[in-house]
Amino acid sequence: MAQVTKGPASGIGATIGYGTPAGKVDQALEGVPEDQILTLTLNGEEVKARRGETIMEVCHRQDTYVPHYCWHPGLSIAGNCRLCLVEVEKVPKPVIACQTQVSPGMVIKTASEQAKASQEWMMEFLLVNHPLDCPICDRGGECQLQRYSMEYGTSHSRMVDKKRKYIKPQADPLIDIERNRCIMCTRCVRFCDEVGGEHVMGVFARGNDNYIGTFGQGPVSNIFSGNVIDLCPVGCLTSKPFRFKARVWELKQTQTTCTQCSSGCKITSWTRNERLYRTTPPSRQRHDHFTINEDTEEFICNQGRFGSDFPWHDSRQHESMVRRADRLVPAPFDDAVAQASQSLRGVIEKHGGEAVAVLISPRATSEEGLLARKLARDAIGTWSVDWRVNQQSAEAADAVSAALKAADGDLESEPDVIIVVNGDIVHQSPVLALRVQELGRRFLKKIVMLGHHHDAYIADHSTLRFHNAPGQTAKVLELLGNVVSGSASVADLASVLSRAEEDVQELVDTIRTAQSGVVVQSLQDFNGRYASAEVPAGGALRAALGETWGWLPVVGERNAVGLNALDCEPGEHGIAARNLLTAISDGRIKGLVVLGADALQPLGNEELVTGALANLETFILADPFESEFSRHATVFFAQAAPQETDGSAFDIEGNVALVKSGVDLPGDARQGWLILNALGRLLAESGFDAGSVEDAWNQVRTELAPESAATLADLELEGSTNPAHFVVRKPQGGARNRASEYNPGNYRTDGLHVRSRSFEAPSVASAKAKDAAAANEGFLMTWGPHVSGRGYLQDRASIAEMLLPKPFLEVHPRDAAELGVKSNQFAVLHVNGRRAKVGIKISKGPAQGTVYMSSGVYGPFDAAENAGPVEVKIEPLDELVPDQGEALMTAEGATESH
Amino acid sequence: MPEVAEWERVLLPDIEKNETEWLADYVRKGGYDVARKALDMEPEAIISEVKESGLRGRGGAGFPTGMKWGFLPKGAFPRYLAVNADESEPGTCKDRPLMEQRPHTLIEGIICSCLAIESEMAFIYIRGEYYNGAKILDRAVEEAYREGFLGSNIFGREGRKLDLVVHRGAGAYICGEETALLTSLEGYRGYPKLKPPFPAISGLYGKPTIINNVETIVNVPFILKNGADWFKKWVHERTTGLRLYSVSGHVKKPGVYELPPTVTLKELIHDYCGGMRNDHDLKFVIPGGSSVPWLKPDQIDVPMSHEGVAAAGSMLGSSAVMVCDHTVCPVWALANLSHFYKHESCGQCTPCREGSGWLYKIVRRIEAGDGQPGDLETLYSLAGEGTPGSGMISGKSICALGDAAAWPVGSAIKQFREEFEEHIQLGKCPYKERNISYWMAEGRFVNESFAGTPVP
């Protein structure tokens, strides 16, 4: 049996499928005008429904489960599986519940003879060609076909003829396609079209011989592609990395939060023998056990799904080590702590506490952040504690801090207008981008794109798009704020944007007429090169827009909001992370404490960093891995990896969530908060008395929300056990509050939502970055980070190479036409005197005259090398990017067995 | 050949000549006068005239055309007219001569219909295999554009416009289903859409759309010209007007016959088509295209109207009559039909996709002599009794193709149960040996074609 970390919350365990607590029923119809509510009879019971709702939606709200394969609450209605046929009185034929809208006085029977017979027949049809290979099928144990077969099917099949068989393609490196098992629900096709944003999957051939596949046998190329594995109700699409590794019922499930980016998705870690087998969206209770919910709307990105197994990399270090005669030798944890405190004390006594700096990984939990800050400020006596390692400069880092402090916006409130500024957000905080896109796609909110680079994924569902030159964004935002508040004219803004006045007027009207809105501003492009100008400008725009608006600055670091709120920053007294290397070579810093070596890597190239580390008198490193950095350590602590740590972390919208370890730590490894606490205990007399992570959490809570009484366990709460997550909503009307549904506790009322209560525009006192020089000939190359790009932790994932994005250069359609290049064509890029071969991707993202590429993807474009936009030349090649599957596939298509 | 009553022929007076009537000829004979007249009529007047005439769709379902036009939501524009020329139902071949011989009658019908439904854009979705038809229509449309009968300011009227596009299908039977036709026309995979909303509310590109069969549209100018009462001269119950009957199979003179609905199936076969080939015995008739239930020889004395055929337990459908003589093995014929539906099912929804394949596998197996006891029960439960809504497929699918695949199976078993059982018992098809002896006896083994008969 599956072990779960938390048992059933209530007695709904016996309910088939999903239940809705009584309160939810009324809640769903709350605020709906009286004339929009109608009464109907469902299985003999009189119920109320909203006009325009489908039978399926009403049934699920009323806790009446109707079986379905093709219907999914987050996708469009296909109506092709026909499993949800129900009886409606006075209608001669059974009708499909997923598509039929309710009408007044309708008498619906979901379990009548006719409905049951229809469901049984559909099950028999689906099994006509489905192979009986459950024992070797990876879906076994969590298969909807198995489940429905037990609940709605018959025990035998009358099919005696040979079954249809297909050739097995090798299209995607991550997703295995076994077409014989497919029931053609087309969930995957619709997912790729609608959520993935790319039409990469389709139905091929016709009739009984049809099958699903990808166009050109290529991979499913979007960053959300892994979700088709969970969406697939049968064993057709399975996870290649997980294939044949374990049966799902043998795995232990832990409800936790992803540690990869600032979206902070809820996930379930499936572990066994202290090893992570797979990561999925949260599993849900069904009957008496937990399993993947095929109807989940909580889509996660591929990096979180497939890239979370880096702790099990070969370089994992299990023992703490101390330096003895130029050699690191394993030592018991207590000895290592003693040694570390002793050497730190030495530095402090010799050079003063100010000569020590503390660096923490932006993935650190809030508890680790708090203890690191206390260690620095109280125990060591230094201001130099920092998490902002990815920003290009200390000024950029300060701007980001100021922005996060002032941030008051989120997407929960479903704002009418979302202004998205800059950033390839879908590749930086994928699920945040998905939620913005969903607001446009499903909830028909207006999305406005501004900045030098637009997120092409969101732009597909935007209503207005205005590009500006790199470096001009601050000016545009400021001017827009002035236009909205009436102190500048539309003509001024139009001239800066080089667009017609009517277009800009439309933009201004859209903003003015909005009831509410949010400015989503990415601060990640060029690692924040223009942040010090763009942050005040964004703040000024937000201030001009008024109280009903919010401001949501976006950075990709996992716990940026939490660490910022806990003030793990040097302020004006200390040395910022970006200045650390200089400070070390200046001799201002003699001792360094680092929690997570992924904080060291972005500071510079390896040579530079290790060179600086060699100059230190003492270097205390806590990290899971043996690396170039660990070799220079005075004391090395084997630390738990981010996903092996217990604690809390905040997402970019300021919501707190539980990070929970699903495994016992290997060897002598310790969780970060424990290492810091032990170190602090030896260095300071008080303040480090946390005996458990719960104590550490209490300190965090006391600091951020003294009025709250939430325990760490409360954070888990409903996320895992509440069957009420399943509330179906129509795009129009009906509150959609994902956070309060999916996240534990109502942290808003608990005061655990880190957002400013009253908006105050941030002031950033730093020099403005220079504007980019206009390109004389060729293009300006712009870039931003990628969640799957190269990185200290990302590279250690077992399939890091597969997750690494292909080197594609995004080109504006008009530029592409001028160059005469097509999507998927190769081109030579001349940059910084070097040449590189890249693929061309025509995209709505970059402004005309600029091209975009993610950094950390392709060697020649190292982020550190190119501080800002650089001029590049593109030389098209007469060669096409080959499809991944091409070489692997020889023959393709449906073959019949008889 | 017995004397038969000669009927006035309206739609295809000179079908035997097989000549295309181009614009000059057509105009000389008074063509496009009706369209000119319709320009001055109120749209409601045209619709009420068509309603009055009792014109029913000629594509198969027989839905009253005027009523269909009346479903369009008021004030919703643009509206589209899609002419269904995807004539793919086995046995049906009535639209082809209409398009190839009288393309301008069709265009005039489209103009009149578009005036009635206030549409400024019409499409002809023509079956991909009708290459000649498409070529002829293309030329005819070009002629009409050149003469100013199509395009902007038609017939010189300021502000009145109508564009007509001829679109060729890519060879899918399912695209003759009205909503699949629309998805195909939109450029997508030819999948039927979920109904409701019906096309009259949300059809092509999400706009109100009327889909009519070629023959239906061709009738419109004649109704407007001669009046509804003229059209009702030929009437049987609620079926009015002359119809085109496509007769194929084992009759002496197969072809397209334009006759009133009062003609009986017996007259059609034995009088107009000259009786059975080689004076064989009649085995069974499929009276309305391949998807309708079969009729046995004792059931054919019925008028060929919707009501008449329904009374006999079948459907008039597209009035395509397929006649099979006693050399035809019903199991083989059914396997042939089932293969067609298995092959042409679009594969979108479960009952039709899996059901059509499963039906075919079983029927083919029985035909090949591998039938098992219980197969007929399985077939029966799958296909029902050949009536709407019975069985596991009919009434459960998105469009009517599921029903169409199931009905012949149910009715064939009902009509010829003993022959199916004989196949299963013998473990082979008894017709093969029997037919050989027929042909040997008739001494025509070598030079005759045996279209429709199983080759041993």
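This write-up is about the structure you can find in this document. (Residues numbered from 1 in each chain as written. Chains lettered and ligands numbered in written order. Predicted model: local features only at pLDDT ≥ 70, side-chain atom pairs only at ≥ 80, totals over all residues. Heavy atoms only, no water.)

**Examining the overall build of chain A**
Part 1: Scanning chain A from terminus to terminus reveals 26 helices and 37 strands.
Part 2: Counting all 898 residues of chain A, 63% fall into the buried class.
Part 3: Excluding contacts between residues fewer than 6 apart, the proportion of contacts in chain A whose partners are at least 24 apart in sequence is 74%.
Part 4: About 31,900 Å² of surface is accessible on chain A, with carbon and sulfur atoms providing 49% of the total. (Helix = DSSP H or I, 4+ residues; strand = E, 2+ residues; numbered from the N terminus. Buried < 20%, exposed > 50% of the residue type's maximum accessible area, 1.4 Å probe, protein only. Contact = heavy atoms within 4.5 Å. Areas by Shrake-Rupley, 256 points an atom, 1.4 Å probe, with all protein chains shown as cover.)

**A closer look at the interface of chain B and chain A**
Part 1: Across the contact, 38 residues belong to chain B and 38 residues belong to chain A.
Part 2: Taken together, the links from chain B to chain A amount to four salt bridges.
Part 3: Taken together, chain B and chain A are joined by 19 residue pairs in polar contact (both at pLDDT 80 or more).
Part 4: In the side of chain B that touches chain A, the residues fall into 15 nonpolar, 14 polar and nine charged. (Salt bridge = Lys/Arg side-chain N within 4 Å of Asp/Glu carboxyl O. Polar contact = N/O pair within 3.5 Å; in protein donor to acceptor, adjacent residues only side chain to side chain. Nonpolar A, V, L, I, M, F, W, Y, C, P; charged D, E, K, R; others polar.)

**Quick word on the sheet that holds strand S10 (residues 320-325) of chain B**
Residues and elements named next belong to chain B.
Part 1: Ordered by their spatial adjacency, four strands build an open sheet running S8-S7-S10-S9, and the pairing between neighbours is mixed. Two strands bound the open sheet, and with one partner strand each, they are strand S8 (255-259) and strand S9 (282-286). The average angle at which neighbouring strand axes cross in this sheet is 25°, direction not considered.
Part 2: Of the strand pairs in this sheet, S9 and S10 are connected by four bridges, and their pairing is antiparallel. By the bridge assignment for S10, isoleucine 286 is matched with methionine 322.
Part 3: Contacts between helix H11 (residues 265-272) and the sheet are confined to strand S7 (243-249), S8, S9 and S10, with S8 contributing the most and set at about 125° to the helix. (Pairing = 2+ DSSP bridges. Axes fitted to C-alpha atoms, helices over the stretch in contact; angles between N-to-C directions.)

**A short note on the environment of A:Val47**
Residues and elements named next belong to chain A.
Part 1: If you trace the backbone, valine 47 turns up in strand S3 (residues 45-50).
Part 2: When the C-alpha atoms of valine 47 and glycine 264 are compared, they prove to be 38 Å apart, with 217 residues separating the residues in sequence.
Part 3: Excluding residues that lie within four positions of it along the chain, valine 47 makes contacts with Leu38, Thr39, Leu40, Leu42, Val58 and Gln62.

**Considering the packing of helix H15 (residues 375-383) of chain B against helix H17 (residues 417-426) of chain B**
Residues and elements named next belong to chain B.
Part 1: Packing of H15 against H17 brings their axes to within 10 Å, and their N-to-C directions diverge by 135°. Viewed along their axes, H15 and H17 adopt a mutual orientation that is oblique. Only Arg417, Phe420, Glu421 and Ile424 of H17 make contact with H15, whose side of the interface consists of Asp375, Leu376, Glu377 and Tyr380.
Part 2: Each residue belonging to the contact of H15 with H17 can be placed in one class, and the counts come to four nonpolar, no polar and four charged. (Parallel < 35°, antiparallel > 145°, perpendicular 65-115°, else oblique.)

**Structural notes on the nonpolar core**
The nonpolar side chains of a soluble globular protein tend to be buried with one another.
Part 1: In terms of nonpolar packing, the biggest core is built from 250 residues, with A:Leu40, A:Ile55, A:Tyr69, A:Ile212, A:Leu237 and A:Phe637 touching the most fellow members.
Part 2: Take this core: its biggest share by element is eight residues, from helix H13 (residues 330-344) of chain B.
Part 3: A:Leu40 has contacts with A:Glu45, A:Glu46, A:Val47, A:Ala49, A:Val58, A:Val102, A:Ser103, A:Gly105, A:Met106 and A:Ile108, leaving out every residue within four places of it along the chain. (Core = buried A, V, L, I, M, F, W, Y, C linked by side-chain atoms within 4.5 Å.)

**Considering a nonpolar patch on the surface**
Part 1: Together, B:Phe63, B:Met67 and B:Phe71 make up a nonpolar patch on the protein surface, roughly 280 Å² of accessible area in all.
Part 2: Judged by its relative accessible area of 39%, B:Met67 is partly exposed. (Patch = residues over 30% accessible without salt bridge, like charges linked within 9 Å, V, L, I, M, F, W, Y side chains within 5 Å.)

**A closer look at the pairing of S8(B)**
All names here are of chain B.
Part 1: Most of S8 sits out of view: four of its five residues are buried.
Part 2: Looking at chain direction, S7 and S8 are connected through five bridges and run antiparallel. Looking at the pairing, tyrosine 245 lines up with tyrosine 257 of S8.
Part 3: Hairpin connection from S7 to S8: five residues lie between these consecutive antiparallel strands.

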